[in-house]
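Structural features, examined
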Amino acid sequence: LNLPPTDENKREQIALIVSMCIPEFRTGYSEDYLPLLQKAEILSEELEDARNRLIIRSYIGYYFIWKDGNSKLGWEYLEGCTEHPELIQDIEFTVPNGYDLCVFSAILGDYQRVNLIAPKIIGLIENSRSQVEFYGRSFNPYSFILSLWGIATGFLGHFDKVEKMLEKAISFAEEINHRAT
């Protein structure tokens, strides 16, 4: 995208690249997507747009974990997103990010990390009374994170808590009548 470097054009470029994040993520990332993410990160830094910069950095982290196979660098990007307390209470940012972090952690077998992230995200969802929201995800984050947390808890040997957590996840999925969840 070679547009004049006005602030408005920069914002539009960022918005376009951010709008591509979920489809790119779901399809395993195209080969030329990382340079676009990096360009959007630079543009968001120039505009001092912390929220979009962190969204972009989270997807750069997912890229490195998922596409590039460099999970160490990917986690550095993702953990950097938690260093901004002003965004932690931004539920539209934190819930999808936490959902993705829990999914990646579970896929990679990092159940300790799931047990660190899941209670914070569940607490944020419950405190905001937004359990029924999907936040752009295919599955209900509340129910799905609860189930991942229950599974992770079981893998870590805390069997007395697992049944209650999984029952809560299944009950909520049935309550919202969303079969995929």
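Residues numbered from 1 in each chain as written. Predicted model: local features only at pLDDT ≥ 70, side-chain atom pairs only at ≥ 80, totals over all residues. Heavy atoms only, no water.

This paragraph deals with helix α7 (residues 111–128). In this model α7 runs 26 Å from its N-terminal to its C-terminal C-alpha over 18 residues, within 8% of the 26 Å that 1.5 Å per residue would give. Taken residue by residue, α7 has Y111, R113, V114, N115, I117, A118, I121, I122, L124 and I125 as its buried positions. Looking one or two residues past α7, R129 carries a phi angle of roughly 55°, positive in sign. (Helix = DSSP H or I, 4+ residues; strand = E, 2+ residues; numbered from the N terminus. Expected span 1.5 Å × (residues − 1). Buried < 20%, exposed > 50% of the residue type's maximum accessible area, 1.4 Å probe, protein only.)

We now examine unusual backbone geometry. Phi at R129 is positive, roughly 55°, even though this residue is not glycine. Mapped onto the fold, R129 is located in the loop between α7 and α8 (141–155). Of the residues examined, R129 reaches a relative accessible area of 74% and is grouped as exposed. The phi dihedral of N177 is positive, around 55°, even though this residue is not glycine. Along the chain, N177 turns up in the segment after α9 (159–176).

A few words on helix α2 (residues 33–46). Across its 14 residues, α2 extends 20 Å between first and last C-alpha, which sits within 8% of the 20 Å expected from 1.5 Å per residue. Three or more residues of α2 are buried, namely Y33, L34, L37, A40, E41, L43 and S44. The secondary structure elements touched by the buried residues of α2 are α1 (7–26), α3 (50–68) and α4 (71–80). Where α2 terminates, the next one or two residues include E48, which has phi positive at roughly 55°. (Contact = heavy atoms within 4.5 Å.)

Moving on, we get to the environment of V132. Here V132 is to be found in the loop between α7 and α8. In the structure, V132 is positioned 66 residues away from W66 in sequence and 28 Å away in space, judged by C-alpha atoms. The contact partners of V132, leaving out residues within four places of it in the chain, are N140, F172 and I176.

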